[in-house]
Amino acid sequence: MRRIVAAVVTAISLGFGPQIASAESLLNVSYDPTRELYRAVNEAFSAKWVAEGHEAPKLESSHGGSGSQARAVIDGLKAQVVTLALGADIDKIAEKGLLAEDWQSRLPHNSSPYTSTIVFLVREGNPKGIKDWSDLVRDDVEVITPNPKTSGGARWNYLAAWAWAEKNGKDPKEFMKELFSHVPVLDSGARGATTTFTQRGMGDVLLAWENEAYLSLQELGDDQFDIVTPSLSILTEPPVAVVDKNITSEGQGELAKAYLDFLYSPEGQAIIWKNFYRGWDTSKADPADVARFPKLDLVTIADFGGWKKAQAEHFADGGTFDQIYTAK
Amino acid sequence: MRALVNKSPMPGFGLGMGITLTMLSLVVLLPIAALLTYGFSFGPGEVWRVVNTERVWAALYLSFRISLFAALFNLVFGVVLAWVLARYEFPGRRVVDAIVDLPFALPTAVAGIALTTLYAPKGVFGAFSRDYLAPLGNTLLGPFGLHFSGKIAYTQWGILIALIFVGLPFVVRTVQPVIAEIEREVEEASATLGAGRAYTIRRVILPALAPAALTGFALSLARAVGEYGSVIFIAGNIPMKTEIAPLLIVIRLEEFDYAAASAIGIAMLLISFSMLLVINLIQIWSRRRIGHV
């Protein structure tokens, strides 16, 4: 018995001990459509970190619905870094005191190292001739979008459509009500909605993150779907933040900060462009990655008075989205 | 404790009862108690206010109604299936017997995605239903003013199919051993005494089966009411139409509204508990009427 204990202790001190002591680990809690992005980021950042003379870090990324990921962190998931779909979700974590309430001002561009927008994915050749938001309420058109109650991406979809209606002299609430009467399925997340549209053949148009739309083209072949960019959409800003309270050592704090700073570096931005997000810095990016995005009119969440206000008005219990479905 | 129970000649009661109570408390009672305390810490009035909205009632009604249909379907076809498996020898019986358990083992989300693939308008059954079942159904139902669009996935039909799928093994597995135990001699005696087949089934076999069948029905119902994973993929999740109560709980959680989520949870718990209580009372009544089997 004693010999076994001694052997185990030796094994630990020789084999695992030093690693635990010096290699820092980082858990990045993110939302659904960033799987591919952070797989690439983690690899590149790890290489850079080692090249700078550090021990290879243990980087882990967890993906899921943005809201449930935020809830997991609130309920005690030890994420050192959160990279979520909406500022509102990180606000909720900040409300619990896990990071400073002014987190969004700590990094450039509202703490969003990459942005995206909402576009339409239609079937090859655009058989229904869908060009803009007004086409979505035509009698012969079915729209696929996830549920704004459970999906961060869907909230951006909703606000983009709302903004278009407002700018085009329509009663936005009536327009949204009509739009959602053309929605046959409300999936709980963005990936589910993409599957419903691409695999199940439901609907004529999918409201999607631009990066998801390009990813679908890449994965499923651009001979099956086309991307339609509407005249007006919304600038989606998925923000990132260090969760201060979950940092256990100085080294880990440095690692977390370097990890997020890397997203803003020219190398990090190149990966971001490559993964179909709109970055800020094009200096190292492949020009082809940058050139693929068309210019369009973009409103921002600030036009809705920020996430706190938008969340309460549109998506909270009894908000405009609920009214669409319960009002007789 | 010792004073409360009769001394049994069987050893190990104290230890056994201790383990039972501890495990039951840790695994079942504590989480439920936590839900109740959390929910009622806002006061019963608040719980009622959250539950008493059109949307929540629609979801609860949908969940319990379709679960009831699914459990009834499973009751009838589960008993038939169990009967065939217990009474007849046929090639491949063991394989069929093993297949019955699959819904237990399959992650419900996988089941949901598989069912959706099959029943979506583009899927094998979905297309069949749209092209053949819908015209047929409308010829038959049309005169009664009913309409069947042929759509299964993303309608209440889809929810029904998912709930039948996850609940079927419960009825089969509770009824099967009972059927195996009913002695053929009893049926033969009934036949020699001049009873017809239908009479034998009604007066000899069904009474013996009833308690087990009811247990299976209750289990299947309970499973269906709480089912989430398989349903949300096939349901379409349209509020007031195909939105199940468990999804509404998740939606409230996504709004970080823990109080509302637990209030709906409590409502489901209370309704389920009363339904299971009624089923248990029927069981006791049926046992008393036909004696212990």
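In this text the structure is predicted, and so the values were computed from the model without any measurement.

Looking at the overall build of chain B
Point 1. Looking only at helices and strands, one finds 13 helices and zero strands in chain B.
Point 2. Listing each helix as α and each strand as β along chain B from the N terminus yields α-α-α-α-α-α-α-α-α-α-α-α-α.
Point 3. By principal-axis analysis of the C-alpha atoms, chain B measures approximately 60 × 60 × 35 Å.
Point 4. Across the 293 residues in chain B, those meeting the buried criterion constitute 40%.
Point 5. Long-range pairs, those at least 24 residues apart, make up 74% of the contacts in chain B between residues at least 6 apart in sequence.
Point 6. Treating the 22 positive side-chain charges of chain B as one cloud and the 16 negative ones as another, the clouds have centres 4 Å apart.

Notes on the overall build of chain A
Point 1. Regarding its fold elements, chain A presents 14 helices and ten strands.
Point 2. Here the C-alpha radius of gyration of chain A, 22 Å, is about what a compact globule of 328 residues would show, namely 20 Å.
Point 3. With respect to the three principal axes, the spread of C-alpha positions in chain A is 80 × 45 × 40 Å.
Point 4. In chain A, which comprises 328 residues, the proportion classed as buried is 55%.
Point 5. For chain A, contacts bridging at least 24 residues in sequence account for 74% of all contacts bridging at least 6.
Point 6. If you sum the accessible surface of chain A, you get close to 13800 Å²; carbon and sulfur atoms cover 53% of it.
Point 7. With 33 positive and 45 negative side-chain charges, chain A shows a separation of 5 Å between the mean positions of the two kinds.

A short note on the pairing of strand E6 (residues 205-209) of chain A
All names here are of chain A.
Point 1. Summarising burial for E6: five of the five residues are buried, a large majority.
Point 2. In terms of strand pairing, strand E4 (residues 116-123) meets E6 through five bridges, oriented antiparallel. Its bridge partner being in E6, Val122 is matched across the sheet by Val205.
Point 3. Relative to E6, strand E5 (residues 143-144) runs parallel, the two being bridged by two bridges.

Some points on the UniProt feature "domain: ABC transmembrane type-1" (unreviewed entry) in chain B
Point 1. Residues annotated by UniProt as "domain: ABC transmembrane type-1" (unreviewed entry) correspond here to residues 60-279 of chain B.
Point 2. Spanning residues 60-279 of chain B, this segment combines 79% helix with 0% strand, and its end C-alpha atoms are found 19 Å apart.

What to know about the sheet that holds strand E3 (residues 81-83) of chain A
All names here are of chain A.
Point 1. With mixed pairing, four strands are arranged side by side in an open sheet as E2-E1-E3-E9. Both edges of this open sheet fall to strand E2 (58-62) and strand E9 (240-242), since each of them pairs with a single strand only. Within the sheet, the average angular offset between the axes of one strand and its neighbour, ignoring direction, is 15 degrees.
Point 2. Most of the contacts of helix H2 (residues 35-51) go to E2, to which it runs at about 170 degrees, and overall it touches strand E1 (25-30), E2, E3 and E9.

A closer look at the pattern of salt bridges
Point 1. Summed over all chains, the structure comprises 28 salt bridges over all chains.
Point 2. In this structure, Lys48 of chain A and Glu52 of chain A form a salt bridge, with 3.5 Å as the shortest nitrogen-oxygen distance.
Point 3. The class for Lys48 of chain A is partly exposed, based on a relative accessible area of 33%.
Point 4. Notably, a salt bridge pairs Arg278 of chain A with Glu210 of chain A, separated by 2.7 Å at the nearest N-O pair. Residue Arg278 of chain A is located in the loop between helix H11 (266-274) and helix H12 (287-291), and its partner Glu210 of chain A is located in helix H9 (residues 210-220); the two are separated by 68 residues in the primary sequence.
Point 5. Residue class for Arg278 of chain A comes out buried when judged on its relative accessible area of 14%.
Point 6. Each member of the salt-bridge network shares a partner with another, and the members are Lys149, Asp317 and Asp322 of chain A together with Arg55, Glu243, Arg252 and Glu255 of chain B.

Description of helix H2 (residues 44-51) of chain B
All names here are of chain B.
Point 1. Among the residues making up H2, those that are buried are Val47, Val50 and Val51. An end-on view of H2 places all buried positions within 95 degrees of arc, on one side of the element. Away from its buried face by more than 90 degrees, H2 exposes Gly45 and Arg49.

Quick word on the interface of chain B and chain A
Point 1. Facing the 22 residues of chain B at the interface are 31 residues of chain A.
Point 2. For the pair chain B and chain A, the two sides together bury roughly 2400 Å², of which 55% comes from carbon and sulfur.
Point 3. Per-residue buried area on chain B facing chain A is highest for Tyr154, Glu254 and Phe256 of chain B; these three make up 28% of the total on that side.
Point 4. Between Glu254 of chain B and Arg71 of chain A there is a salt bridge whose closest N-O contact spans 3.5 Å.
Point 5. Summed over the shared surface of chain B and chain A, the number is eight residue pairs in polar contact (both at pLDDT 80 or more).

Thoughts on the UniProt feature "transmembrane region" (unreviewed entry) in chain B
Point 1. Feature annotation in UniProt assigns "transmembrane region" (unreviewed entry) to the following positions: residues 12-38, 58-86, 98-120, 152-172, 204-222 and 258-282 of chain B.
Point 2. As annotated, residues 152-172 of chain B comprises 81% helix and 0% strand, and the C-alpha atoms at either end are separated by 25 Å.

Considering helix H6 (residues 108-119) of chain B
All names here are of chain B.
Point 1. The end-to-end C-alpha distance of H6 is 16 Å, a good match for the 16 Å that twelve residues give at a rise of 1.5 Å each.
Point 2. Listed as buried for H6 are Ala111, Gly112, Leu115, Thr116 and Tyr119. All buried residues of H6 project into a common sector of 130 degrees when viewed along the axis, lining one side.
Point 3. If you follow the buried residues of H6, they end up packed against helix H7 (124-141), helix H8 (156-181) and helix H11 (229-235).

Overview of a nonpolar patch on the surface
Point 1. Among the surface-exposed residues, Leu15, Ile19, Met23, Leu24, Leu26, Val27, Val28, Leu29, Leu30 and Ile32 of chain B lie close enough to one another that they form a single nonpolar patch of about 930 Å² accessible area.
Point 2. Counting through the fold element by element, Leu30 of chain B comes out in helix H1 (residues 13-40).

Observations regarding the packing of aromatic side chains
Point 1. Under the criterion given, the structure shown has 27 aromatic pairs over all chains.
Point 2. Where Phe180 of chain A meets Tyr325 of chain A, the ring centres are 6.3 Å apart and the plane angle is 70 degrees; that geometry is what we call edge-to-face. Of this pair, Phe180 of chain A sits in helix H7 (residues 172-180) while Tyr325 of chain A is found in helix H14 (residues 320-326), placing the two residues 145 residues apart along the sequence. When sorted by exposure, Phe180 of chain A lands in the same class as Tyr325 of chain A, which is buried.
Point 3. Between Trp48 of chain B and Trp57 of chain B, the ring centres sit 6.0 Å apart and the planes meet at 65 degrees, which makes this aromatic pair edge-to-face.
Point 4. Among the aromatic residues, ring-to-ring pairing joins Tyr158, Trp162, Phe180, Phe315, Phe321 and Tyr325 of chain A into one connected group.
Point 5. Here Arg155 of chain A stacks its cationic end above the ring of Phe315 of chain A, 5.8 Å away from the centre of that ring.

Things to note about a negative patch on the surface
Residue and element names in this part refer to chain A.
Point 1. Together, Asp139, Asp171, Glu174 and Glu178 line one region of the surface with negative charge.
Point 2. Within the secondary structure layout, Glu174 lies in helix H7.
Point 3. Overall, the relative accessible area of 47% leaves Glu174 in the partly exposed class.

Section: the side chain of Ser46 of chain A
Point 1. The residue Ser46 of chain A is located in helix H2 in this model.
Point 2. Sequence-distant contacts of Ser46 of chain A, defined by excluding residues within four places in its chain, comprise Pro57 and Leu59 of chain A.

Observations concerning the confidence of the model for chain A
Point 1. Of all residues in chain A, 93% have pLDDT values of 70 or greater, and the mean over the chain is 90.
Point 2. Confidence drops under a pLDDT of 50 for residues 16-21 of chain A, and excluding neighbours within four residues, the segment shows three contacts in the predicted structure.

Rules of the game
Residues numbered from 1 in each chain as written. Chains lettered and ligands numbered in written order. Predicted model: local features only at pLDDT ≥ 70, side-chain atom pairs only at ≥ 80, totals over all residues. Heavy atoms only, no water. Helix = DSSP H or I, 4+ residues; strand = E, 2+ residues; numbered from the N terminus. Buried < 20%, exposed > 50% of the residue type's maximum accessible area, 1.4 Å probe, protein only. Contact = heavy atoms within 4.5 Å. Lys, Arg positive; Asp, Glu negative; His and termini not counted. Charge placed at Lys NZ, Arg CZ, Asp CG, Glu CD. Rg over C-alpha atoms; globule rule 2.2 N^0.38 Å. Areas by Shrake-Rupley, 256 points an atom, 1.4 Å probe, with all protein chains shown as cover. Pairing = 2+ DSSP bridges. UniProt positions renumbered as here; feature names shortened; annotations may be inferred. Axes fitted to C-alpha atoms, helices over the stretch in contact; angles between N-to-C directions. Salt bridge = Lys/Arg side-chain N within 4 Å of Asp/Glu carboxyl O. Arc of directions from axis to C-beta. Buried area = accessible area lost by both parts, 1.4 Å probe. Polar contact = N/O pair within 3.5 Å; in protein donor to acceptor, adjacent residues only side chain to side chain. Expected span 1.5 Å × (residues − 1). Patch = residues over 30% accessible without salt bridge, like charges linked within 9 Å, V, L, I, M, F, W, Y side chains within 5 Å. Phe/Tyr/Trp six-rings, centres within 6.5 Å; stacked < 30°, edge-to-face > 60°. Lys NZ or Arg CZ within 6 Å of the ring centre and 35° of its normal. pLDDT = per-residue confidence, 0-100.

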